[in-house]
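Coordinates in review
One letter stands for each residue in the lines below.
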Amino acid sequence: MRGMMMDMPLTTTSLIEHAARYHGDTEIVSRTIEGPIHRYTYGESYQRIKKLVNALGDLGVGEGDRVATLAWNGYRHFELYFAVSGMGAVCHTINPRLFGDQIIYIINHAKDKIIFVDLSFVPVLEGIAEQLDASIKIVVMTDQEHMPDSKLENSLCFEVLIDGQSDSYDWPDFEENTASSLCYSSGTTGNPKAVLYSHRSTVLHAMTACATDGLGISGQDIVLPVVPMFHVNAWGIPYACALSGAKLVFPGAGMDGASVCELLENEGVTFTAGVPTVWLLLLGYISENKKKLPDLERVIVGGAAVPQSMIEAFENDLDCRCIHAWGMTEMSPLGTLAHMKNNMKDMTPEDQMAYKVKQGRPVYGVDMKIVDDNDAELPHDGKAFGELLVRGPWVTNGYYEDEETSADSFDADGWFRTGDVSTIDERGFMQIVDRAKDVIKSGGEWISSIELENIAVGHPDIAEAGVIGVAHPKWDERPLLICVKSDGGAVTEAEMLEMYKGKVADWWIPNQVVFIDELPHTATGKIRKTELRKIFADHKLPA
Ligand code: ADP
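In short, a report on the structure. Remember, predicted model here, so these are calculated numbers, not experimental data.

The rules behind these values
- Throughout this document, residue positions are counted from 1 along each chain, in the order its sequence is written.
- With pLDDT at 70 or above as the cut-off, local features in this predicted model cover only qualifying residues; side-chain atom pairs require 80 or more to be listed or tallied, and sums for whole chains, interfaces and linings still use all residues.
- The side-chain numbers reported here are obtained from all heavy atoms of the structure, hydrogens and water having been left aside.
- Labels follow the DSSP assignment, with helices taken as runs of H or I lasting at least four residues and strands as runs of E lasting at least two, numbered in each case from the N terminus.
- It is over C-alpha atoms that the radius of gyration is taken, and the globule rule equals 2.2 Å times the number of residues to the power 0.38.
- Each residue's exposure class comes from its accessible area (1.4 Å probe, protein chains only) as a fraction of the maximum for that residue type: buried when under 20%, exposed when over 50%, partly exposed otherwise.
- Note on contacts: a residue pair is in contact if any heavy atoms of the two residues lie within 4.5 Å.
- To measure how exposed things are, a 1.4 Å probe is used in the Shrake-Rupley method; for residues, cover is taken only from the protein chains shown.
- Just so you know, the count uses Lys and Arg for positive and Asp and Glu for negative, and it drops His and the chain ends.
- Every charge is mapped onto a representative atom, which is NZ of Lys, CZ of Arg, CG of Asp or CD of Glu.
- Any carboxyl oxygen of Asp or Glu that lies within 4 Å of a side-chain nitrogen of Lys or Arg is treated as forming a salt bridge with it.
- For two strands to be treated as a pair, DSSP must find at least two bridges joining them.
- Here a pair means two rings of Phe, Tyr or Trp (six-membered ring of Trp) with centres within 6.5 Å. Their orientation is stacked below 30 degrees between planes, edge-to-face above 60, and tilted elsewhere.
- To sit over a ring, a charge needs its Lys NZ or Arg CZ within 6 Å of the ring centre and within 35 degrees of the ring normal.
- In this analysis an axis means a line fitted to C-alpha atoms, helices contributing only their contacting stretch, and an angle means the value between N-to-C directions, from 0 to 180 degrees.
- When describing relative orientation, an angle under 35 degrees is termed roughly parallel and one over 145 degrees roughly antiparallel, while 65 to 115 degrees is termed roughly perpendicular and anything else oblique.
- Left-handed describes a crossing whose near helix is turned anticlockwise from the far helix by less than a right angle; the clockwise case is right-handed.
- All residues other than Ala, Val, Leu, Ile, Met, Phe, Trp, Tyr, Cys, Pro, Asp, Glu, Lys and Arg, Gly among them, are scored as polar; the first ten of these are nonpolar and the last four charged.
- Multiplying 1.5 Å by the residue count of a helix minus one yields the expected span of that helix.

When helices and strands are counted, the protein chain shows 17 helices and 25 strands. The C-alpha atoms of the protein chain give 23 Å as radius of gyration, which agrees with the globular expectation for 543 residues (24 Å, within 12%). The dimensions of the protein chain, computed from C-alpha atoms along their principal axes, are 70 × 65 × 50 Å. Within the protein chain, the fraction of its 543 residues that count as buried is 57%. Counting only contacts in the protein chain whose residues sit at least 6 apart along the sequence, the fraction spanning at least 24 positions is 67%. Of the roughly 23400 Å² of accessible surface on the protein chain, a fraction of 49% belongs to carbon and sulfur atoms. Side chains of the protein chain give 46 positive and 79 negative charges; the mean places of these two sets differ by 3 Å.

Another point: the pattern of salt bridges. With the rule as written, the count across this model stands at 27 salt bridges. Here Arg-48 ties to Glu-79 by a salt bridge, and the two come within 2.8 Å at their closest N and O atoms. Of this pair, Arg-48 sits in helix α2 (residues 42-58) while Glu-79 sits in helix α3 (residues 75-86); the two residues are 31 residues apart in sequence, bridging distant segments of the chain. The burial state of Arg-48 is the same as that of Glu-79; both residues are buried. Note that Asp-221 is salt-bridged to Arg-298, the shortest N-O span being 3.1 Å. With Asp-221 in the loop between α7 (199-210) and β10 (222-225) and Arg-298 in strand β13 (residues 298-301), this pair connects stretches of sequence that are 77 residues apart. Across this residue pair, the class does not change: Asp-221 and Arg-298 are buried. Overlapping salt bridges bring together Glu-34, Arg-48, Arg-76, Glu-79 and Glu-159 as one network.

So, about the sheet that holds strand β16 (residues 361-362). With mixed pairing, nine strands are arranged side by side in an open sheet as β2-β1-β11-β10-β12-β13-β14-β15-β16. Only two strands of the sheet have a single partner each, and these edge strands are β2 (37-41) and β16. Pairing analysis gives five bridges linking strand β1 (residues 27-31) to β2, with the strands arranged antiparallel. Within β2, the residue paired with Val-29 across the bridge is Arg-39.

To continue, consider the pairing of β10. Consecutive side chains along a regular strand alternate between the two faces of the sheet. Burial along β10 is two-sided: the residues Ile-222 and Leu-224 and Val-223 and Pro-225 are all buried. Across two bridges, β10 lies against strand β11 (residues 247-250) in parallel orientation. Looking across to β11, one finds that Val-223 is bridged to Leu-248. Summarising the sheet, β10 and strand β12 (residues 271-274) pair through three bridges and their orientation is parallel. Paired with Pro-225 across the two strands is Ala-273, which belongs to β12.

Looking now at the packing of aromatic side chains. In this structure the tally under the stated criterion is 15 aromatic pairs. Where Trp-72 meets Phe-230, the ring centres are 6.1 Å apart and the plane angle is 55°; that geometry is what we call tilted. With Trp-72 in the loop between β3 (66-70) and α3 and Phe-230 in the loop between β10 and α8 (232-235), the pair connects residues that are 158 residues apart, well separated along the chain. For the pair Trp-72 and Phe-230, a shared accessibility class is recorded, and that class is buried. In textbook terms, an aromatic cluster arises when at least three aromatic residues are bridged by ring pairs, as seen for Tyr-42, Phe-78, Tyr-81, Phe-82, Tyr-239 and Phe-250. Just above the ring of Phe-158 sits the side chain of Arg-76; from NZ or CZ to the centre is 5.7 Å.

Our focus in this paragraph is unusual backbone geometry. With an omega of 5°, the peptide bond between Ser-332 and Pro-333 qualifies as cis. Looking at the element boundaries, Pro-333 is found in the loop between β14 (321-327) and β15 (334-337). Positive phi, normally seen in glycine, also occurs at Trp-235, with a value near 60°. Tracing the backbone through its elements, the reader meets Trp-235 in helix α8. When its relative accessible area of 8% is taken as the criterion, Trp-235 is described as buried. Even without being glycine, Asp-375 reaches a positive phi, approximately 65°.

Once that is clear, we can look at the packing of helix α1 (residues 12-22) against α3. Between α1 and α3, the least distance of the axes is 8 Å, while the angle of their chain directions is 130°. In terms of orientation, α1 and α3 fall into the oblique class. At the point where α1 passes α3, the crossing takes the left-handed sense. Between α1 and α3, the residues in contact are Thr-12, Thr-13, Leu-15 and Ile-16 and Phe-78, Phe-82, Ser-85 and Gly-86, respectively. Here the contact of α1 with α3 is built from residues that sort into four nonpolar, four polar and no charged.

Turning to α3, a few remarks are in order. Over its 12 residues, α3 extends 16 Å from the first C-alpha to the last, a length consistent with the 16 Å expected when each residue adds 1.5 Å. Burial runs high along α3: 12 of the 12 residues are buried. If you check which residues of α3 are buried, you get Tyr-75, Arg-76, His-77, Phe-78, Glu-79, Leu-80, Tyr-81, Phe-82, Ala-83, Val-84, Ser-85 and Gly-86. After α3 finishes, the residue Gly-88 shows a positive phi value of roughly 95°.

Attention now goes to the packing of helix α10 (residues 257-267) against helix α11 (residues 276-289). In the contact formed by α10 and α11, the axes pass within 8 Å of each other and the chain directions differ by 75°. Taken together, the axes of α10 and α11 lie roughly perpendicular to each other. Between α10 and α11, the residues in contact are Gly-257, Ala-258, Val-260, Cys-261 and Leu-264 and Trp-279, Leu-281, Leu-282, Tyr-285 and Ile-286, respectively.

This is the structure:
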């Protein structure tokens, strides 16, 4: 027997229509590339989105075409999210921090028809223009007054394009599994891999983002996504804000502590999200300038493991909850969040902290298992660790136009192989032990590079730390700790090694500490371990 409920497709247009209709006077605030702070409302945004769709139609964009963006978080980028997907085309967000060759690969692989580019990234496109298909149209995301004197041929101006367009548009009907956006994972190994989201996956993910045990975004919130819109759709936050009518604050290119703090303070932000690196900058700025952010309630930290010291700094210095989260481009990205549970209320703060530093428990919609080398399931006892596999309605079922990689990425039952190694405890909290390719194999046992790194950055003199396995004649591999000192940091190798005593098994303690000026990073701000391994390929550990 079929249920008798309306069969309405879940589309991104339904999100922005809802925002325009019921939160039409709620603000969207943007720090612009041109300089000033821009303010308008969901209502005004929606009018411009419809003009933009009409302009895209005039440029020849049709259903299924890929329209790329190379842009910071801002209102024009937000408009593109909804205009492009809403007309049945695919919004492809390019990460401008990728290397030139990777950007060329991505644009050619996606067969982008148009690229919308922020003023700051015009030079990026100029540098690679010769290697792109000459038919690709370029639109600079600014007004006539700020159009750059660019080498790019035939570049168009965003505001000129939409000026004079009609703000009425009949959204096409399509099936909810239609593709809506495309995002490439940064490809720490090999070429970037393309993840193609659907309208349905995007809306379901947005609903979860608004759940209390998800990101908890609501109509009462003022939300600053520091995580870039070119990084897994800013973790889905723009969609979740439209769904809930939260006020949005876009930071533009200002990711430094002072700029982020200024927006948090002036706009009364209650919720923000980003990677640990940006929070280190913010916390540094806040402690130097004795800032308090009384409106700020929750900070999500994801993309890399959060050190305990960071959770404590947010809790103690800013009286704000710091929630650890884990996910992947392939998962839209939400997988787990370290929210406490009702039966954990009576735990001591120390015991709770042991859970807060874990990557967290799955939200409804994400199922997970850990397996050994033969794909046999391991127990959820918080001790056994193996590769983490996931499935769910916002998890990819294969990379776009990449059968070879897709073939290796799923088990026999269709679960996605995350490439992360983790434990899952009795309460359902998952903890990443390492990336499968980063674990250090010493004497047949595994050492977690992440755990050693977390301990190292717990030292006030250490700004950043990376641990890699270095060849060892007896043990196969042994850990080498590579650190960047914070300004004025004076810690010695011996002091660093001493710090590990009692915190990990003796055989986990790194064999050596080297201090360098800077660590190599990926385009998403993670330490580029492949590069570190190259740099230290011939390194000899002291006997
Ligand atoms: P990429 O950096 O390759 O573009 P993603 O941004 O999709 O990829 O990153 C996904 C990976 O980032 C995860 O598989 C995991 O290794 C790592 N990651 C994400 N969140 C966390 C976290 N909270 N703790 C540790 N690692 C994390």
